[in-house]
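Structure assessment
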Amino acid sequence: LGARENEIITKQFRYVGIAATKDGQRIYAITADPSIKIFSNTALEAEYPIENDYLPSVITLPKSERLLYIGMSHGLIRIYPIPLVSDAYIDVPAH
């Protein structure tokens, strides 16, 4: 069984989903406000607002850790390159 190594406590955000790098050093979180929050070693490193009035519902980070996929309301998948740049993304309609 695993042991807890670190904790991130931020009561001001309502988290919708999280994805972590393989080494656990960086965590990507989507929140209901809506935004993407990046934590590095438990400290908030960056925050990116999600534009276009879409609400995030799911987040995933593939093994390559080069892209970040975020499922949005209205059947949209938003793909961000890593490192994140707030206006650099591709929207793919899913249905």
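Scroll up to find the structure.
What counts and what doesn't
By convention here, each chain's residues receive numbers from 1 onward along its written sequence. For a predicted model such as this one, the threshold for reporting local features is a pLDDT of at least 70, and the threshold for listing and counting side-chain atom pairs is 80 or more; totals across whole chains, interfaces and linings nevertheless cover every residue. Hydrogens are left out, water is left out, and the side-chain values use all remaining heavy atoms of the structure. Surface patches are drawn from residues lacking salt bridges whose relative accessible area is over 30%; two like charges belong together within 9 Å, two nonpolar side chains (Val, Leu, Ile, Met, Phe, Trp, Tyr) within 5 Å. Here the Shrake-Rupley method, with its probe set to 1.4 Å, supplies the accessible areas, and only the displayed protein chains count as covering residues. A pairing counts as a salt bridge when a side-chain nitrogen of Lys or Arg comes within 4 Å of a carboxyl oxygen of Asp or Glu. Under the DSSP-based scheme used, a helix requires at least four consecutive residues in state H or I and a strand at least two consecutive residues in state E, with every element numbered from the N terminus. Burial classes follow relative accessibility: with a 1.4 Å probe on protein chains only, a residue under 20% of its type's maximum area counts as buried, one over 50% as exposed, and anything between as partly exposed. By the criterion applied in these results, polar contacts are pairs of N or O atoms within 3.5 Å in which, for protein atoms, one can donate a hydrogen and the other can accept it, and in which residues neighboring in sequence qualify only through two side-chain atoms. Any two strands between which DSSP finds at least two bridges are classified as paired. Note on method: axes are straight lines fitted to C-alpha atoms, helices fitted across the in-contact stretch only, with angles between N-to-C directions ranging 0 to 180 degrees. To pair, rings of Phe, Tyr and Trp, with the six-membered ring standing in for Trp, must have centres within 6.5 Å; the planes then decide the type, stacked if under 30 degrees apart, edge-to-face if over 60, and tilted in the middle. Criterion for a charge above a ring: Lys NZ or Arg CZ within 6 Å of the ring centre, and within 35 degrees of the ring normal.

Moving on to a nonpolar patch on the surface. Nonpolar side chains collect at one region of the surface, where Ile 77, Ile 90 and Val 92 lie side by side and expose about 220 Å² of accessible area between them. Note that Ile 77 resides in strand β7 (residues 76-81).

Glancing now at the environment of Arg 78. Position of Arg 78 among the secondary structure elements: in strand β7. On the basis of relative accessibility, which here comes to 0%, the residue Arg 78 falls in the buried class. Along the sequence, Arg 78 and Tyr 89 sit 11 residues apart, while their C-alpha atoms lie 6.5 Å from each other. Here Asp 91 takes part through its side chain, which lies 2.7 Å from a polar atom of the side chain of Arg 78.

Strand order in the open sheet made by the 4 strands is β5-β6-β7-β8, with antiparallel pairing throughout. Either end of the sheet is taken by a strand with one partner, and the two such strands are β5 (56-60) and β8 (90-93). For this sheet, the mean inter-axis angle between neighbouring strands, taken without regard to orientation, is 25 degrees.

Let us now look at the packing of aromatic side chains. Summed over the entire model, instances satisfying the criterion amount to 2 aromatic pairs. Ring plane angle 55 degrees and centroid distance 5.5 Å describe the contact between Tyr 80 and Tyr 89, whose orientation is recorded as tilted. Judged by its relative accessible area of 2%, Tyr 80 falls in the buried class. The class for Tyr 89 is partly exposed, based on a relative accessible area of 23%. Positioned over the ring face of Tyr 89 is Arg 78, at 3.9 Å from the centre of the ring.

The subject of this paragraph is the pattern of salt bridges. With the rule as written, the count across this model stands at 5 salt bridges. The salt bridge involving Arg 78 is made with Glu 51; its shortest N-O contact spans 4.0 Å. Within this pair, whereas Arg 78 is found in strand β7, its partner Glu 51 is found in the loop between β4 (43-49) and β5, the two being separated by 27 residues in sequence. The shortest N-O distance in the salt bridge between Arg 78 and Asp 91 comes to 2.7 Å.

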